[in-house]
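# Breakdown of the fold
Here is how the chains run, residue by residue.
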Amino acid sequence: MGSDPQEPFSSKLRVPEALTFDDVLLRPAESRVEPDEADTSTRVSANVSLTVPVLSAAMDTVTESEMAIAMARQGGLGVLHRSMDAEAMVREIERVKRADELFIRREDVVTVGPEQTVGTVDETMERAGVSGAPVVDEDDRVLGIISGTDIRPYLGIGEGDPVREAMTDEVITARGDVSAREALELMYDHKIERAPIVDEDDRLTGLVTMQGILQRRAYDDAARDADGSLRAGVAVGPFETDRARAADEAGADVLFIDCAHAHNLNVIDSAREIRATVDADVVVGNVGTREAAEDVVDFADGLKVGIGPGSICTTRVVTGTGMPQITAIAEVADVAARHDVPVIADGGIRYSGDAIKAIAAGADAVMLGSYFAGTDEAPGRVITMNGKRYKQYRGMGSVGAMRSGGGERYLRDEENGENEGEAFVPEGVEAATPYKGSLESELHQLVGGMKAGMGYVGAGELPEFKTRSELVRVSSAGQQEGHPHDVVITDEAPNYSPNE
Ligand code: XMP
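Nothing here was measured: the structure is a model prediction, and the numbers come from that model. (Residues numbered from 1 in each chain as written. Predicted model: local features only at pLDDT ≥ 70, side-chain atom pairs only at ≥ 80, totals over all residues. Heavy atoms only, no water.)

### Some thoughts on the overall build of the chain
Scanning the chain from N- to C-terminus turns up 19 helices and 20 strands. For 500 residues, the compact-globule estimate of 2.2 N^0.38 gives 23 Å, and the chain sits close to it at 25 Å. Along the first, second and third principal axes, the C-alpha atoms of the chain reach 90 × 60 × 50 Å. In the chain, buried positions account for 50% of the 500 residues. Considering only intrachain contacts with a sequence separation of at least 6, the fraction spanning at least 24 residues in the chain is 66%. Counting only carbon and sulfur atoms, one obtains 47% of the accessible surface of the chain, whose full area is about 24,500 Å². (Helix = DSSP H or I, 4+ residues; strand = E, 2+ residues; numbered from the N terminus. Rg over C-alpha atoms; globule rule 2.2 N^0.38 Å. Buried < 20%, exposed > 50% of the residue type's maximum accessible area, 1.4 Å probe, protein only. Contact = heavy atoms within 4.5 Å. Areas by Shrake-Rupley, 256 points an atom, 1.4 Å probe, with all protein chains shown as cover.)

### Some details on the packing of helix H1 (residues 65-73) against helix H2 (residues 86-98)
One can describe the packing of H1 onto H2 by two numbers: an axis separation of 9 Å at closest approach and a directional angle of 30 degrees. In terms of orientation, H1 and H2 fall into the roughly parallel class. Crossing handedness for the pair H1 and H2: right-handed. Each of Ser 65, Ala 68 and Ile 69 in H1 lies in contact with H2, whose residues at this interface are Glu 92, Arg 95 and Val 96. (Axes fitted to C-alpha atoms, helices over the stretch in contact; angles between N-to-C directions. Parallel < 35°, antiparallel > 145°, perpendicular 65-115°, else oblique. Left-handed = near helix turned anticlockwise from the far one by under 90°.)

### Quick notes on the site of the ligand
Around the ligand, 24 residues are found, and the nearest of them are Cys 313, Thr 315, Asp 346, Tyr 393 and Glu 427. For the ligand, an oxygen atom lies 2.7 Å from a polar atom in the side chain of Ser 311. For the ligand, whose free accessible area comes to 520 Å², the fraction covered by protein is 97%. Looking at side-chain class alone, the shell around the ligand contains 9 nonpolar, 12 polar and 3 charged residues. (Near = heavy atom within 4 Å. Polar contact = N/O pair within 3.5 Å; in protein donor to acceptor, adjacent residues only side chain to side chain. Nonpolar A, V, L, I, M, F, W, Y, C, P; charged D, E, K, R; others polar.)

### Some thoughts on the sheet that holds strand S6 (residues 103-105)
In spatial order, the strands read S6-S10-S9; together these 3 strands make up an open sheet with antiparallel pairing. One side of each edge strand has no neighbouring strand; the edge strands of this open sheet are S6 and strand S9 (194-198). Ignoring which end each strand starts from, the neighbouring axes of this sheet average 30 degrees apart. The pairing of S6 with strand S10 (residues 204-209) spans 3 bridges and is antiparallel. (Pairing = 2+ DSSP bridges.)

### Regarding the sheet that holds strand S17 (residues 382-385)
Strand order across the open sheet formed by 3 strands is S17-S18-S19, with antiparallel pairing between neighbours. Sheet topology places S17 and strand S19 (430-434) at the edges, where each strand pairs with a single neighbour. The sheet shows a mean angle of 50 degrees between the axes of neighbouring strands, taken without regard to direction. In this sheet, S19 lies alongside strand S18 (residues 388-394) in antiparallel orientation, the contact comprising 5 bridges. Pairing of Tyr 390 across the sheet is with Pro 434, part of S19.

### Regarding the domain arrangement of the chain
Each domain of the chain was delimited in the assignment, giving domain 1 (13-99 + 221-482) and domain 2 (104-209). Distance from the C-alpha centre of domain 1 to the C-alpha centre of domain 2: 39 Å. (Domains from an automatic or database assignment.)

Here is the structure:
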């Protein structure tokens, strides 16, 4: 031990200390930027750009296809969780990819046969997430169309009846060269919601739907691939090469290697192999140090940061390990920026201010779980407790998530054995989060706050914001000053609830 006061107490203690969101604030700067004009476009991985720098977490109480569709329509990206088998994953990816298609391609059109029963067909349509299907013969000629269950009771049709009796056989069809406008007019004139597209022999070549056309028009800033389909992210395990391939073939745009500690060298070897096997971008995470970033930055299309900052995480208390998130982002971003690799800050974001601080620390985008878990688009139903509405939200390393097949990211080998229930050492909790309504309004608040932060710093675009912004350290008194104080809040704000 030297006598220099700048020296660490011991070589074991790292200086400078690690900081998180509440420890810092953006330093206001000269500006001509109006928040409304701020452009939040960013890159989330080597080949995928977004207009909104926000991702929804790969958790079974946050992102399935409904959330992923809503996120992509709003310009962000949903990352499908991996607590499902590979077939279910492929179906979920396909749901996202086909959600807003102008013309659904033949191979993606769900069709049924005339002799199938109405009951089986309803099941097929429900599984595929469609509300109507063309009825075709063995030669793929269109015989009719079957849709909605609502009028069947009036026609005296039951579940056991054949489709041929329940279908509409006067089918309005369109040709493959029909424009969006013509298709809209056709459907409007005939008061129909979908029209099969057929060739000159009446063989099915695709399907056009009213919903598809209107939805595409409604979402100008949506995250779309080169074919116009919505972007889809999906989590895969570090050793799941086959699953990664299946996700890639199903059209996923970004694969997220889903691991609580991606600086595990076996994980890195496998992630490297996956990267070499697929066409989709591969984001590697989670990391939290510059050393980890150095070890993956040569092959990763993006790096995801977060060791234990999440609202439902207990990794830090259970394992004694972690990196406060602002420092973790800054360390990883220093390395990633030199290689021009995007960084995603994952976990711990409670307010829009945290999200824009994460970008100031060097992230290109942010990933959130708890912020979105209470929305309509998150899986799970609304529950009422003491007169207030909530939705379930749980860590993927919680006992509940691990029991239902998720949480492999936190499982140790011996926990895959027979007595798994007792052997779990969870790194997350199961919780409830206030019900919040639509994702669109939550995102609006989140991105609105981020844009206002850009205005305070005087940067109209995110790359400029990243270089221009400065973070100042705040004392705990400064932190208290930043929250409402010395008042009793009488009305809930849509973007603020006190930290209990
Ligand atoms: P927020 O704070 O947005 O965090 O709710 C979401 C992120 O938390 C991570 N995650 C976990 N971390 N134990 C952990 O230590 C868990 O059980 C767990 N489940 C999710 C994950 O990175 C997610 O995006």
